[in-house]
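# Observations on the model geometry
What follows is each chain in one-letter form.
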Amino acid sequence: MEAKGSKYLYDYFVIGGGSGGLASAKHAAKLGKRVALADFVKPSPLGTKWGIGGTCVNVGCIPKKLMHFAATTGELRHDQELCGWKVDMSVKHDWDTMIGNVNNHIRSLNWGYKTQLMKEKIKYYNMLASIEDPHTVKLIDAKTNEPLYVTAEHICIAVGGRPQYLDIPNCKELCITSDDLFWLKKPPGKSLIIGAGYIALECGGFLRGMGRDVDILVRSRPLRGFDTEMVDKVITYMKYTGINFVTGTPVSFDKEGEGVKVGMKIQENGATVEKSVVYDNVLIAIGRYPDIKELKLENVGVELAPNGKIKVDERWTSSVDSIHALGDVSSIGLELTPVAIKEGRNLVDGLFKNEWKKIDYKTVCTAVFTPLEYAVCGYNEHDAIEAFGVDDIDVYTSSFKPTEWA
């Protein structure tokens, strides 16, 4: 029932149960507001699905860091031997044990989020949401396909993104993405990673650390947007671990036995050659898109930015005053979990306490969990030159080799 004296059923309705959406909803509830949250996970093309918590918890930061740690513990066996420990190097990594423990941990987090919503008296709708008008959300029950309409003074969109696929026949049917990898029941064998961003390199890094053969197919320079000198160190170390970097593009995917035959055009000795290689798994990691198509934002005239995200101002408000966006779907900010959490809380403080606080996105730290971990804060090399001019920048470098590396 609608609260007495209110035009709407809720003060604040959040669409998306990821880190930003959950943090924002809980913060609003702590201020005494009537809050609801809708979250529905659409399965990947291969049928992989998960619970509430968003990308970071289910198919991002959490499983990635756990698998990175698993790979690191395996790599440390070589150091253990040199330190005098007796290690049976013939023992292979057990994917089933690791994936079972990782998935169980994630399920416990899913349950914890549901419990938190109940504790904060936040109404949880496990339904697919869309925008009916500036103050109305349409919810579809996946089992009955029956619609439910609810109203709210403010609507916050925090649905995150999903992996992109290549426009090549059989790509969705034969290839996996990070959405699938972190729930993959069959142990991966020889793998091809297509992409040059941090997701591609992180996944390739921990798969190699677990003893799998890994090729990474890149069109040009890996980790574009990060400092060149640091990227060179990361790639050099990844090659040292046995990862094979190939420059080129895929052109075809075909089923061959239990694997995938990949046709590609690659650069060899300054020439372009065509070749086909069969892999047990092919992982597509070419970027992510904002998962907003089914929200039907065109119903209310919400404007989109050129990159396909929801255009918002510095207060995370769209072209429609009652509709807001944060995290990976907003046109400002960074695609990082702590940023989405901060945005969600700041938005609530602004809407309900009139305390608007800006975020200086240039000072946000980030880390890449490649085999040689890389952290960065502030301007990258390209942005610094563009902002201040090459003549007004002084560069200081230092290199340190940890004693244990000797």
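Above: the structure in question.
Everything in this summary refers to the structure shown in the same document.

Rules behind the numbers
- Residues numbered from 1 in each chain as written.
- Predicted model: local features only at pLDDT ≥ 70, side-chain atom pairs only at ≥ 80, totals over all residues.
- Heavy atoms only, no water.
- Helix = DSSP H or I, 4+ residues; strand = E, 2+ residues; numbered from the N terminus.
- Polar contact = N/O pair within 3.5 Å; in protein donor to acceptor, adjacent residues only side chain to side chain.
- Expected span 1.5 Å × (residues − 1).
- Buried < 20%, exposed > 50% of the residue type's maximum accessible area, 1.4 Å probe, protein only.
- Contact = heavy atoms within 4.5 Å.
- Salt bridge = Lys/Arg side-chain N within 4 Å of Asp/Glu carboxyl O.

### As for the environment of Thr151
Checked against the element boundaries, Thr151 lands in strand 6 (residues 147-157). Sequence separation of Thr151 and Tyr12 is 139 residues, and the distance between their C-alpha atoms is 9.1 Å. A distance of 2.9 Å separates the side chain of Thr151 from the backbone nitrogen of Leu9, its partner in a polar contact.

### Observations concerning helix 9 (residues 337-353)
Taking 1.5 Å per residue as the helical rise, helix 9 with its 17 residues ought to reach 24 Å, and the 24 Å between its terminal C-alpha atoms agrees with that figure. Within the span of helix 9, buried status applies to Val339, Ala340, Glu343, Gly344, Asn346, Leu347, Val348, Asp349, Gly350, Leu351 and Phe352. The secondary structure elements touched by the buried residues of helix 9 are strand 1 (10-15), helix 1 (19-30), strand 6 and strand 15 (323-325). Trailing helix 9 by a residue or two, Asn354 shows a phi angle of about 55°, which is positive.

### Section: the pattern of salt bridges
Throughout the structure, instances matching the rule amount to 16 salt bridges. As a salt-bridge pair, Glu202 and Lys64 come within 3.3 Å of each other at their nearest N and O atoms. Here Lys64 lies in helix 3 (residues 61-82) and Glu202 lies in helix 7 (residues 198-209), a separation of 138 residues in the sequence. Given the relative accessible area of 2%, Glu202 is considered buried. With relative accessibility at 10%, the residue Lys64 sits in the buried group. Across the pair Asp179 and Arg162 runs a salt bridge, and its minimum N-O distance is 3.0 Å. Residue Asp179 is located in helix 6 (residues 178-181), and its partner Arg162 is located in strand 7 (residues 161-163); the two are separated by 17 residues in the primary sequence. As far as burial versus exposure is concerned, Asp179 and Arg162 are alike and both buried. Among the charged side chains, a salt-bridge network with shared partners connects Asp349, Lys353, Glu355 and Lys357.

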